[in-house]
Amino acid sequence: QMTHLVALVDDLLDVSRITRGKVELRRSLVEAAAIVARGIEMASPLLEQHRHELVVEVPREGMALYGDSARLAQVIANLLTNAAKYSEPGGRILVRAHADGDQVVLSVRDSGVGIDAAMLPIIFDLFVQERQSLARSHGGLGLGLTIVRSVVDLHGGQVQAISEGRGKGAE
């Protein structure tokens, strides 16, 4: 419980710093593969605990980004954590990266519970969580995806949630 509490406080502090413009990005040229690897490392305890199949389709080289590698790894870790929490044990999680013009598109897709269509436009908003039964409750305050959007926005990028609905996973 202490670890969970510390993570919640850290997320609250991150959201506070980001919304007040107090985050200073430490940008450098970094490969997308390095960011993804670091994000996987951060989320690996939960992925292993739930015995998820993790598939990574990210070129080792040739997809350099100019950004804060620690913050971008946090984005990947938050997306992986959500995917792990909302997928049944042994579920499949796919991490991909590809070039789209001068942009790098990173995605995390899971085989989990999916997202209702009404939630898609607001899923990245502060404190937003889909209603879950007590048996499916995953804790948290609805901060992880807000942090994802805020960090991506600071880097000049965009985020989007895609799901065909309940029981069909999310990306």
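Our structure is the block above this text.
Structure report, in brief. Here the structure is a predicted model, which means the values were calculated and not measured. (Residues numbered from 1 in each chain as written. Predicted model: local features only at pLDDT ≥ 70, side-chain atom pairs only at ≥ 80, totals over all residues. Heavy atoms only, no water.)

1. Regarding the overall build of the chain
Logical step 1: Broken down by element type, the chain carries four helices and five strands.
Logical step 2: Its helices and strands taken in sequence order, the chain reads α-β-α-β-β-α-β-β-α from the N to the C terminus.
Logical step 3: Out of the 171 residues in the chain, the part that is buried amounts to 40%.
Logical step 4: Intrachain contacts of the chain at a sequence separation of at least 6 include 75% that bridge at least 24 residues.
Logical step 5: A total of about 10000 Å² of accessible surface is found on the chain, and carbon and sulfur atoms cover 52% of it. (Helix = DSSP H or I, 4+ residues; strand = E, 2+ residues; numbered from the N terminus. Buried < 20%, exposed > 50% of the residue type's maximum accessible area, 1.4 Å probe, protein only. Contact = heavy atoms within 4.5 Å. Areas by Shrake-Rupley, 256 points an atom, 1.4 Å probe, with all protein chains shown as cover.)

2. Points about the packing of helix H2 (residues 32-49) against helix H3 (residues 69-85)
Logical step 1: Taken N-terminus to C-terminus, the directions of H2 and H3 make an angle of 35 degrees; their axes are 7 Å apart at the nearest point. As for the relative orientation of H2 and H3, their crossing is right-handed in sense. In this structure, H2 contributes Ile 35, Val 36, Arg 38, Gly 39, Ile 40, Met 42, Ala 43, Leu 46 and Leu 47 to the contact, and H3 contributes Ser 69, Ala 70, Leu 72, Ala 73, Gln 74, Ile 76, Ala 77, Leu 80, Thr 81, Ala 84 and Lys 85.
Logical step 2: Per-class residue counts for the contact of H2 with H3 are 14 nonpolar, four polar and two charged. (Axes fitted to C-alpha atoms, helices over the stretch in contact; angles between N-to-C directions. Left-handed = near helix turned anticlockwise from the far one by under 90°. Nonpolar A, V, L, I, M, F, W, Y, C, P; charged D, E, K, R; others polar.)

3. Details of H3
Logical step 1: Taking 1.5 Å per residue, 17 residues should reach 24 Å; H3 reaches 24 Å between its end C-alpha atoms and fits that length.
Logical step 2: Along H3, the residues classified as buried are Arg 71, Leu 72, Ala 73, Gln 74, Val 75, Ile 76, Ala 77, Asn 78, Leu 80, Ala 83 and Ala 84.
Logical step 3: The opening residue of H3 is Asp 68, an N-cap whose side-chain oxygen sits 3.1 Å from the backbone nitrogen of Ala 70. (Expected span 1.5 Å × (residues − 1). Polar contact = N/O pair within 3.5 Å; in protein donor to acceptor, adjacent residues only side chain to side chain.)

4. Some details on a nonpolar patch on the surface
Logical step 1: A surface patch of nonpolar side chains, about 460 Å² in accessible area, is lined by Met 2, Leu 5, Val 6, Val 9 and Leu 13.
Logical step 2: With respect to the secondary-structure elements, Leu 13 resides in helix H1 (residues 2-19).
Logical step 3: Assessed through its relative accessible area of 41%, Leu 13 is described here as partly exposed. (Patch = residues over 30% accessible without salt bridge, like charges linked within 9 Å, V, L, I, M, F, W, Y side chains within 5 Å. Salt bridge = Lys/Arg side-chain N within 4 Å of Asp/Glu carboxyl O.)

5. Some points on the pattern of salt bridges
Logical step 1: Enumeration according to the criterion identifies five salt bridges in this entry.
Logical step 2: In this structure, the salt-bridge partner of Glu 57 is Arg 96, at a minimum N-O distance of 3.4 Å. A residue pair is termed long-range when its members are at least 10 positions apart, and Glu 57 in strand S2 (residues 53-57) and Arg 96 in strand S4 (residues 92-100) qualify at 39 residues.
Logical step 3: The shortest N-O distance in the salt bridge between Arg 109 and Glu 171 comes to 3.7 Å. Of this pair, Arg 109 sits in strand S5 (residues 103-110) while Glu 171 sits in the segment after helix H4 (144-154), and the two are 62 residues apart along the sequence.
Logical step 4: Accessibility expressed as a relative area gives 26% for Arg 109, which makes it partly exposed.
Logical step 5: Using a relative accessible area of 28% as the deciding quantity, one classes Glu 171 as partly exposed.

The values reported here are purely geometric and, on their own, carry no functional implication.
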